[in-house]
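Each chain is listed here by its residues.
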Amino acid sequence: YPIQLYTRSDILTELLTVGRGRRVGVFVSKGGTGILFHTLLSASKEMPPSEELMLQLHSLLAKVGPKDRKFGVAARLSGALNVTVNLIKQNLQNPKLLLPCLQVLRVYSTNSVNAISLGKNGVVELLFKVLAPYSKKNTSLLKVALDALGALLKSKTNARRAADGGYVPILLALYADWHRNDARHRHMLIRKGLLVCLRNITNIKLGRKAFVEADGMRVLYNSSTECLPVRTLDPLVNTSSLIMRKCFPKKRLPLPTIQSAFLFQLPYVPGTGPAGRTYSQGPGVDDVVDESDDNDEADTENDTENEEDEKDQQSPNDDIETDLNKLHPKKGPCRPYEELRVYERFFVELSEDFQVSQVSVLIRRSPPRPIIVPTAQAFSPNTRSLSRAYTRTPSPDHREGPGARAGGRIVGRSGRSAASRRGGGAHRGETRRRQRDQADPLAAAFGGFVRATLGRRGSNWSSDCGSEGPEDEAAEGAVLEVPDTALLLPLHDLDLYVEMVKGTLSVPQYAEVAYPDYFGHVAPTFREPLLERVYGVQRAKIFQDIERLIHPNDIVDKVVYDLDIPSCPVIEDDGESLKFNSQFESGNLRKAVQVRKFEYDLVLNSDINSNHYHQWFYFEVSGMKVGTTYRFNIINCEKSNSQFNYGMQALMYSVQEAISGSPRWVRTGTDICYYKNHFARSSIAAGGLKGKSYYTLTFSINFKHKDDVCYFAYHYPYTYSTLKMHLSKLEALRTPQIYLRQDVLCETLGGNGCPLLTITAMPESNSNDHICQFRNRPLIFLSARVHPGETNASWVMKGTLEFLMGSSPLANSLRESYIFKIVPMLNPDGVINGNHRCSLSGEDLNRQCLLQYLAHIQRAPLVFCDYHGHSRKKNVFMYGCSVKETVWQSNISATSSDLQEDLAYRALPKILSQIAPAFSMASCSFVVERSKESTARVVVWREIGVQRSYTMESTLCGCDQGKYKGLQIGTRELEEMGAQFCVALLRLKRLTGLRNHQHLLDLESDIIGSQAKVVSCPTTYVLDEDEPSFLEAIDYSAESNDEDVEAENEHAAEVREHPDLLEQLSDSDNHRD
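The structure displayed is predicted, hence computed values, not measured ones.

Reading guide: rules and limits
- Residue positions within a chain follow its written sequence, with the count starting from 1.
- Only residues with pLDDT of at least 70 get local features here, since the model is predicted, and only at 80 or more are side-chain atom pairs given and counted; chain-wide, interface and lining totals rely on the full set of residues.
- Computation of side-chain values covers all heavy atoms of the structure but excludes hydrogens and water.
- Here, strands pair whenever DSSP counts at least two bridges between them.
- Here a strand is any run of E in DSSP of at least two residues, a helix any run of H or I of at least four, and the numbering for each starts at the N terminus.
- Throughout, an axis means a line fitted to C-alpha atoms (over the contacting stretch in the case of helices), and angles, computed between N-to-C directions, take values from 0 to 180 degrees.
- Two residues form a contact once any of their heavy atoms are found within 4.5 Å.
- As used in this record, nonpolar core signifies buried Ala, Val, Leu, Ile, Met, Phe, Trp, Tyr and Cys residues forming a set joined through side-chain atoms within 4.5 Å.
- With a 1.4 Å probe rolled over the protein chains alone, any residue whose accessible area is under 20% of its type maximum counts as buried; one over 50% counts as exposed, and the rest are partly exposed.
- When a carboxyl oxygen of Asp or Glu lies within 4 Å of a side-chain nitrogen of Lys or Arg, that pair is called a salt bridge.
- UniProt positions are given in the numbering used here, feature names are shortened, and annotations may be inferred rather than shown by experiment.
- Aromatic rings from Phe, Tyr and Trp, taking only the six-membered ring of Trp, are treated as a pair when their centres fall within 6.5 Å; an angle between ring planes under 30 degrees marks them as stacked, one over 60 as edge-to-face, and anything in between as tilted.

(A) The arrangement of the sheet that holds strand 11 (residues 650-654) in detail. Spatially, 5 strands are ordered 6-9-15-11-12 in an open sheet, and the strand pairing comes out antiparallel. Every other strand in the sheet has two partners, leaving strand 6 (579-581) and strand 12 (665-668) as the edge strands with one partner each. Across the sheet, the mean angle from the axis of one strand to that of its neighbour is 30 degrees, orientation sign disregarded. Bridge analysis of strand 6 against strand 9 (residues 618-622) gives 3 bridges, and the strand direction is antiparallel. Considered in strand 9, the bridge of K579 is made with S622.

(B) Representation of unusual backbone geometry. Look at N138: it is not a glycine, yet its phi comes out positive at around 55 degrees. Phi is positive for D557, close to 55 degrees, though the residue is something other than glycine. Examined against the element boundaries, D557 turns out to sit in the loop between helix 24 (537-550) and strand 5 (558-562).

(C) Layout of the sheet that holds strand 19 (residues 819-823). On the basis of which strands lie adjacent, the open sheet formed by 7 strands has the order 16-17-19-18-20-22-21 and mixed pairing. Of all the strands in the sheet, just strand 16 (738-747) and strand 21 (876-879) have a single pairing partner and so form its edges. Each strand of the sheet is rotated relative to its neighbour by a mean of 20 degrees, with strand direction disregarded. As judged from the 3 bridges shared by strand 17 (residues 753-761) and strand 19, these two strands associate in the antiparallel manner. Bridging from a neighbouring strand, L757 pairs with I822 of strand 19. Helix-sheet contacts for helix 28 (residues 791-804) involve strand 17, strand 18 (779-784), strand 19, strand 20 (863-870) and strand 22 (948-955), and the interaxial angle to strand 20 is about 140 degrees.

(D) Examining the nonpolar core more closely. Counting residues in hydrophobic clusters, the biggest one holds 135 residues, and the most contacted among them are F580 and F632. Broken down by element, the residue count for this core peaks at 11 residues, all from helix 35 (residues 971-992). The contacts of F632, once residues within four sequence positions are left out, are L578, F580, Y600, L602, V621, L697, T698, F699, I701, F703 and F712. By size, the runner-up hydrophobic cluster in this structure holds 83 residues, among which are A75, V123, L149 and I243.

(E) Structural view of the pairing of strand 11. Strand 11 sits mainly inside the fold: 5 of its 5 residues count as buried. Taking every second residue as pointing to the same face, both faces of strand 11 are buried, with A650, M652 and S654 on one and L651 and Y653 on the other. As defined by bridge partners, strand 11 adjoins strand 12 across 4 bridges and the pair is classed as antiparallel. If you follow A650 over to strand 12, its bridge partner there is T668.

(F) The arrangement of the pattern of salt bridges in detail. Scanning all chains against the criterion turns up 27 salt bridges. Put simply, E576 and K625 hold a salt bridge, and the shortest N to O gap is 3.5 Å. Here K625 lies in the loop between strand 9 and strand 10 (629-637) and E576 lies in the loop between strand 5 and strand 6, a separation of 49 residues in the sequence. A residue is classified by how much of its surface remains accessible, and K625, at 34% relative accessible area, is partly exposed. Each of D545, E547, R548, R596, E599, D601 and R631 takes part in one network of salt bridges that share partners.

(G) Region of interest: the UniProt feature "active site" (unreviewed entry) in the protein. Sites flagged by UniProt as "active site" (unreviewed entry) map to E953. Along the chain, E953 turns up in strand 22. For E953, a relative accessible area of 0% gives the class buried.

(H) Structural detail: the packing of aromatic side chains. Overall, the coordinates contain 39 aromatic pairs when judged by the stated rule. Aromatic side chains Y518 and F519 sit 4.7 Å apart centroid to centroid with 85 degrees between the ring planes, which places their arrangement in the edge-to-face category. Using a relative accessible area of 0% as the deciding quantity, one classes Y518 as buried. Judged by centre distance (5.9 Å) and plane angle (55 degrees), the ring pair of F644 and Y714 falls under tilted. Taken together, the residues span a long stretch of sequence, with F644 in the loop between strand 10 and strand 11 and Y714 in the loop between strand 15 (709-713) and helix 26 (720-732) at a distance of 70 residues. Exposure remark for F644: the relative accessible area of 4% places this residue in the buried category. A residue is classified by how much of its surface remains accessible, and Y714, at 3% relative accessible area, is buried. Through successive ring pairs, a cluster of aromatic residues spans F580, F598, Y600, F617, F619, Y630, F632, F644, F699, F703, F712 and Y714.

This is the structure:
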């Protein structure tokens, strides 16, 4: 019988060692694995078992195991696990037999159930007996043993057993020994195997604790620092970095509460949503961190590797709507007409008889209040002087907070208004004043930008707070040189802007105007390419963060700005720290902490009546030095990834540069990266999930000018006051041929008006035919800025509005073709108060009632489009709604009648892809998801029956295709996109104007292609992403390395600069039609 076993073993060895791996696969498919296990068990019964036979059998099993997916289960059921383990125990000093046994054990351990069983049988402790300090002997054996041990330690039970057994210090000592002696780096795999074991042990809290207690942070930090110069050692450095980040003790954000620093008491408390959760939180609850600031895994056998990055556990089609009843538009309105008639007043053009020559323009006037601005009246053509305050006497019913400042020193940031701040759970208004420089307040306010002293003392300074003595006198004669932007920005008016600011009501009652908003932004003529990522920059930043723990004495930890100190948010110092400010419209910065001499941790304010949504930032910095690299870390970001990792830069506005003739926002910053940090995110802020962390956006900056005043922003700011100014200037452009009406759709909770614009062409005459044609024009409904932090949507809308109000033949033709109903800023309160996503109620505003009224009177819009911004994708693209494409993606059964659908929904995005260089048809999606059933595009499509219902997403970063490939997007490109949208509507008019409906379908099919190509792609989880959660799988590394070059579209010229080209383009297409 033993001879038969030998013979069988020899035959199998000969069979499987020839012909590469294909024979092994056939052998497995024919049940060969079971034969080997049966032979192994038979051989193990011989006393003593034959060493040569066991060597052959385990060598064969080591070859077969990786090819057989059921290998682990078969080994456990057959009893082969115990045979191999016993053989290892008996041959610890026999490397020849031990090696194939460990190779088989490595395969056994990949099965989670086997790993638990082996751990209970003492295999973890057994493998530690195999590990040894640095030696040139038996390195292959040690490598295989580490692989097996690493596989076993994926089990949390085994990891806990190793931590309790005191093996973490042993692993660290072994790693330090191999690192020290492996000077020529010939044994990287052994060193990597030791790190993998440490990584798996530290997946549990007990392992992390043991690692820190064993001084593991210092051991790995020192070894990694020595490995950094050698590029081939990056795998060791990266794994060490992952372990250190995981084990870095969790810290709480330096905040008293994660709720907003500003308090706005709602007239009613919603039962759900961010505001409902905020108000339901009991008093005295620490919402910054949980009772346990770490993720203490339950003692279960659910053994999945806890990778450093979050994974989307949903299957690709989990969120796609599969209910066909919900995929077909509803028949009939959902509200009675009596409730909808109130909206009739917003559509007077549908019944206008034009007996009155002037179209009324309704403009809401808000109570006046004092405003502190950078400048006031012209001193010379290129110079403006600070000569008076823009103040207005408050009306009797306008109640300021106690101690509210009504005037005072007229400098850019000298005064502070009464603010509603969180303190004791109630409103608390306080007068806040910042004294930058007692000797020279004007120079302090503008960072030393005082160009001359006139010596005049007779200027009339308006102040309701009385004289301030010498300080007033010092400021009276000061002159501030500022750029003359009137010629560069025809729709920007400084005095008009201040008038608009006076009617803007904020929760903190801001009384200051930020310099960029006041003087405006002139788009740069130069292109700004996507920032090329420096190799290893994220790793270097993480190591600097780890140094905070390794070298705590180097940390300053000094608070220099804090909105939670209502009386004095700006902490005065000896001039060695930067000064910060965010107390102006749309500003967002809650706290600044100096952690090193030139490094600052910045904390963003959450949306009012919410405890999260940290993304939008807009703040001011001053007191800088030249020739110094400053590092800024925004430490409470929430999304798990960002385009800041893939070429996007923050924006900076330099006052000194503006004075020199360049009043513009520019992309800036180096060493930019975005990564998970060590600040714990409470389950209250993470939707009930525990063990989550915040993310850090870090960038470095070298300032060009000493004592400059610079502003930083997430994207190009566009305030509510800016919108009001632009609307006023556009109204001034109205000619007798343009029908323009501005209504106030509603008054927000904060007391601000939400404008609704109606734009079309006046009828040719008062004849019945012309008035009938006027009333029957198709409606286009556009909206923007439902999410305040998506400022790019406002710049796109600006381009649309300026095109519509233009004098070109294309604009005139567009007005004659459609009636435009436009809500340019759906969430004024959120924009004003620096929110990222929500209104003051912690929710998005509702805009569907207007459309329900239109549906009731059978005047549903031809096109509905909601302008948004997207933080995770490049280019401009659309999301729409399609039954057919949703069914294709979900693979649900449907009849041919269910799938009957007009391709018209694809026409507009297809046209845009042909004429707009920033638009990408490949990024568009028309799939309906359950999680998006409440979004505007889905509601309008489903309940109003608008087939062309879209969300148009504009990137915050840049483009990876077309004319702008490799460039960051700017206001010029965004405004161009808004204008190109108008041109696309003209083309759409020609399509929808065809009388033969079948001809229309054929024509659109020709444009789109013979059939829509839908690529199956996973649903990417996004934390409350901008509009849709159905995104293509994004491989950012592929984006950044893609070398495919697309031909530039010569017809996609800049609309505002070359409208004639677009007209020619339109005419040429008309001939083809």
